[in-house]
Amino acid sequence: MKAADYVDVQFGAIDRRIFWDPAIYERELEQIFARSWLFVAHESQVAEPGAFVTTYMGQDSVIVARGDSGAINVFLNSCPHRGNRVCFADSGQSRAFTCNYHGWAFGLDGGLKKMPKMGLYKSTPGFRMEDWGLKAARVAEYKGLVFATFDPDAPSLDDYLGDFRWYLDAVLDAEEGGTEFLPGGATRSVMNCNWKFPADNFVGDIYHALWTHLGGAEPTLGRHGGVIVDNEGSYQVSVNGHGWEFNDSFLGNAATMGDRELLRYMKSRQDKIAARLGDFRMKMWGSVASATVFPNFSFLPGYFTFRTFQPKGPTKTEIHAWTLVPKTMPDDIKDRFRRGSMRTFSPSGMLEMDDGENWEHSTSANAGFVTRNQKLCYAMAPVAEQVEEGLPGHVTRGQLSDANQRYFYKRWAEFMDAKSWSDIPLAPRTRVPEAAE
Ligand code: FES
Ligand code: FE
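Residues numbered from 1 in each chain as written. Chains lettered and ligands numbered in written order. Predicted model: local features only at pLDDT ≥ 70, side-chain atom pairs only at ≥ 80, totals over all residues. Heavy atoms only, no water.

Trainee: What exactly am I supposed to notice about helix H1 (residues 22-33) here?
Mentor: Quick reminder: α-helices carry 3.6 residues per turn. Residues three or four places apart thus point the same way. Residues of H1 that are buried include every one of Ile-24, Tyr-25, Glu-28, Leu-29, Gln-31, Ile-32 and Phe-33, and no others. Where H1 is buried, its residues meet strand E3 (38-42), helix H5 (196-204), strand E19 (305-311) and helix H13 (403-417). With a side-chain oxygen positioned 2.7 Å from the backbone nitrogen of Ala-23, the residue opening H1 is Asp-21. (Buried < 20%, exposed > 50% of the residue type's maximum accessible area, 1.4 Å probe, protein only. Helix = DSSP H or I, 4+ residues; strand = E, 2+ residues; numbered from the N terminus. Contact = heavy atoms within 4.5 Å. Polar contact = N/O pair within 3.5 Å; in protein donor to acceptor, adjacent residues only side chain to side chain.)

Trainee: For this particular structure, what's the right way to read helix H8 (residues 260-277)?
Mentor: Compared with an ideal rise of 1.5 Å per residue, which puts 18 residues at 26 Å, H8 spans 25 Å between its outermost C-alpha atoms and is within 8% of the ideal. At Gln-270, H8 shows its largest kink, close to 40°. Residues Leu-262, Tyr-265, Met-266, Arg-269, Gln-270, Ile-273, Ala-274 and Leu-277 constitute the buried set of H8. As for H8, its buried residues are in contact with helix H4 (164-172), helix H7 (252-255), helix H9 (279-284) and helix H10 (331-344). (Expected span 1.5 Å × (residues − 1). Bend = angle between axes of the 7 residues up to and from the residue.)

Trainee: What's the story with the nonpolar core in this structure? I'm lost.
Mentor: Across soluble globular proteins, nonpolar side chains show a tendency to be buried alongside one another. Tyr-167, Trp-244 and Trp-412 are the most contacted members of the largest nonpolar core, which has 105 residues in total. Formed by 17 residues, the second largest nonpolar core is a distinct cluster that contains Phe-52, Cys-79, Phe-127 and Leu-134. (Core = buried A, V, L, I, M, F, W, Y, C linked by side-chain atoms within 4.5 Å.)

Trainee: How do you make sense of the side chain of Asp-200 when you look at a structure like this?
Mentor: Structurally, Asp-200 is set in helix H5. In this structure Asp-200 is buried but unpaired, with Lys-196 as the nearest side chain of opposite charge at 8.7 Å. A distance of 2.6 Å separates the side chain of Asp-200 from the side chain of Tyr-409, its partner in a polar contact. Once residues within four sequence positions are removed from consideration, Asp-200 is found in contact with Asp-205, Tyr-378, Gln-405, Phe-408 and Tyr-409. (Lys, Arg positive; Asp, Glu negative; His and termini not counted. Salt bridge = Lys/Arg side-chain N within 4 Å of Asp/Glu carboxyl O.)

Trainee: Can you walk me through the environment of Ile-18 in this structure?
Mentor: Here Ile-18 lies in the loop between strand E2 (13-15) and H1. Ile-18 sits 296 residues away from Pro-314 along the chain, and the two C-alpha atoms are 8.7 Å apart. If sequence neighbours within four positions are ignored, Ile-18 has contacts with Tyr-6, Ile-24, Glu-28, Asn-194, Lys-196, Tyr-409 and Trp-412.

Trainee: Sorry if this is basic, but what is going on with the pattern of salt bridges here?
Mentor: Where charged atoms from two side chains of opposite charge come close, those side chains can pair. All chains considered together, the criterion is met by 23 salt bridges. Across the pair Lys-113 and Asp-109 runs a salt bridge, and its minimum N-O distance is 3.5 Å. Classification of Asp-109 as partly exposed rests on a relative accessible area of 43%. For Arg-429, the salt bridge goes to Asp-159, with nearest N and O atoms at 2.5 Å. Here the residue Arg-429 occupies a position in the segment after H13, and Asp-159 occupies one in helix H3 (residues 157-161), the gap between them amounting to 270 residues. Residue classification places Arg-429 among the partly exposed positions, given a relative accessible area of 27%.

Trainee: Explanation requested: the sheet that holds strand E10 (residues 112-114) in the structure shown.
Mentor: Two modes of strand pairing occur in sheets, parallel and antiparallel, and in both the strands are linked by backbone hydrogen bonds. Spatially, 3 strands are ordered E8-E9-E10 in an open sheet, and the strand pairing comes out antiparallel. This sheet does not close on itself; its edge strands, each paired only once, are strand E8 (97-98) and E10. As paired strands, E8 and strand E9 (residues 105-106) are joined by 2 bridges and run antiparallel to one another. Among the inter-strand pairings, Thr-98 is bridged to a residue of E9, identified as Ala-105. (Pairing = 2+ DSSP bridges.)

Trainee: Hey, could you run me through unusual backbone geometry in this one?
Mentor: Leaving glycine aside, a negative phi is the common case for residues, and trans is the common case for peptide bonds. Look at the link from Phe-294 to Pro-295: it is a cis peptide, with omega at 5°. Within the secondary structure layout, Pro-295 lies in the loop between strand E17 (288-293) and strand E18 (297-300). A positive phi is found at Asn-240, a non-glycine position, where the angle reads about 55°. Relative accessible area serves as the criterion here: at 9%, Asn-240 is assigned to the buried category.

Trainee: Honestly, the packing of H5 against helix H11 (residues 352-364) in this entry has me stumped. Any pointers?
Mentor: Running from N to C, H5 and H11 point in directions that differ by 130°, and their axes come no closer than 9 Å. In terms of orientation, H5 and H11 fall into the oblique class. As for how H5 packs across H11, the hand of that crossing is right-handed. Together, Phe-197, Pro-198, Asn-201 and Phe-202 of H5 and Asp-355, Trp-359, Ser-362 and Thr-363 of H11 make up the contact between the two elements. Residue composition of the contact of H5 with H11, grouped by class: 4 nonpolar, 3 polar and 1 charged. (Axes fitted to C-alpha atoms, helices over the stretch in contact; angles between N-to-C directions. Parallel < 35°, antiparallel > 145°, perpendicular 65-115°, else oblique. Left-handed = near helix turned anticlockwise from the far one by under 90°. Nonpolar A, V, L, I, M, F, W, Y, C, P; charged D, E, K, R; others polar.)

Trainee: When you look at the packing of H8 against H10 in this model, what are you seeing that I'm missing?
Mentor: Between two packed helices, the angle of one axis relative to the other and the distance separating the axes together describe the packing. Across the interface, H8 lies against H10 with an axial gap of 10 Å and an inter-helix angle of 125°. With respect to H10, the axis of H8 lies oblique. The hand of the H8/H10 crossing is left-handed. Contact with H8, carried on its side by Glu-261, Leu-262, Tyr-265 and Met-266, involves Ile-333, Arg-336 and Phe-337 of H10 and no other residues of that element. Grouping the amino acids of the contact of H8 with H10 by side-chain chemistry returns 5 nonpolar, no polar and 2 charged.

Trainee: What exactly am I supposed to notice about the coordination of the iron ion (ligand 2) here?
Mentor: Taken together, His-208 (NE2), His-213 (NE2), Asp-355 (OD) and Asp-355 (OD) make up the full set of protein donors to the iron ion (ligand 2), lying 2.0 to 2.3 Å away. Here the iron ion (ligand 2) binds 4 donor atoms, and the angle range of 57 to 145° at the metal identifies the geometry as irregular. Site description for the iron ion (ligand 2): donor spacing in sequence, H-x4-H-x141-D. According to the relative accessible area criterion, His-213 is buried, its value standing at 7%. (Donors = N, O, S within 2.8 Å, 3.2 Å for Na, K, Ca; no water. Tetrahedral: all angles 85-135°; square planar, octahedral: opposite > 155°, others 65-115°.)

Trainee: Explain the packing of aromatic side chains here, please?
Mentor: Aromatic ring pairs are described here by two measures, namely the spacing of the ring centres and the angle between the planes. The final tally for this structure, using the stated rule, is 36 aromatic pairs. Note on Phe-39 and Phe-181: the rings are 6.0 Å apart at their centroids and 55° apart in plane angle, and the pair reads as tilted. Here Phe-181 lies in strand E13 (residues 179-181) and Phe-39 lies in strand E3, a separation of 142 residues in the sequence. Like Phe-39, the residue Phe-181 is buried in the burial classification. Plain terms: the ring middles of Trp-285 and Phe-304 are 5.5 Å apart, the flat faces sit at 50° to each other, and that makes the pair tilted. Placement of the pair is Trp-285 in the loop between H9 and E17 and Phe-304 in the loop between E18 and E19, with a sequence separation of 19 residues. Here Trp-285 and Phe-304 have matching classes, each one buried. In this structure an aromatic cluster arises from ring pairing among Phe-39, Phe-147, Phe-164, Trp-166, Tyr-167, Phe-181, Trp-244, Phe-297, Phe-299, Phe-306 and Trp-322. Its end group placed over the ring of Tyr-56, Lys-312 keeps NZ or CZ at 3.2 Å from the ring centre. Note that Arg-372 overlies the ring of Trp-20, its terminal NZ or CZ placed 4.3 Å from the centroid. (Phe/Tyr/Trp six-rings, centres within 6.5 Å; stacked < 30°, edge-to-face > 60°. Lys NZ or Arg CZ within 6 Å of the ring centre and 35° of its normal.)

Nothing here speaks to function; it is geometry throughout.
In structure tokens form, the structure reads like this:
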């Protein structure tokens, strides 16, 4: 059976087995996670030579390290000698990575530098040090976000993101001077859910906010949050399976953090951001919105929480989350963002806990044989191939819909069934110029 058969994107019916079947999960690791450009770090996390973080690409543990030349390197965190994990720290500063087991030492580019009794290896015909480094990935950046892929045939990151970069600029380029992740590392939590439930929630499920989050949003925003139900100003945009839904409300998400000082500050930046990005993207900066870069990198404008949904099995996901801010933001305001995003979207945040409970039950229900053979309904509103002047990608405007989620699962099926990258269509780029890989 082809993956496309599990996903009726025209009508909007999705086979539940893609959320629990171990064989489909194993195939996702190969077809999606070993192939895609995956977010691995913000450059501010590895600002100096020797700085490193560890993360995952699919279930592959990787080290992200800034080398002496200033280039950022990404390589497997598993020793090619007997396979031991090389680095156990989440982040740090180092000149080399030395394996605990027999002492093989690797440089900041992952290359094998030395080991005890090195002469015995060098005396073996055909042994070359350069063949036994930590396997390196391709690395590319977009405005501070560092992505990597293990697929030598993947297109450039610019092509992979395509015109979605034009939308990404609403959070990455709103202020001069670039962005940073607030220091202090990630919050990490584990949810017993399939990784696609959170990814599809962020790509286009504003619908749930009216119900799931009402208890949390009402005290801060009033009934229905006011802006959330403004259909006229609601958009869903999708490019290459990446999706962003938003309501052009400027401060909608930010308002739920309940910090007037923070909102006053954001308001004071409104004209400057509009001058830089135009009125439309200015309104996306803090609005009621959420987005996913395919497959598992998501964020919420307004709270500026950025997170990866790391797959840990068909029914387990580890969430790593950070807060992104413009570098030029005053320290006091950065701290208010830290506290605001923790209050709302952290493992103990009043909004994130609501989501997690839903995703876990959506997953665990599939333990039942009859249940797991039913379909899920993604049929809210027909997907209209709208062309909105000035807006790149597929645009659905003025209504709640499952459009972005359907594009997400269309992309999922394209990856799952593709024999090579030539089977995976890429939308032409029209907006943002080429950046160097
Ligand atoms: Fe790493 Fe032996 S397993 S040095
Ligand atoms: Fe939510």
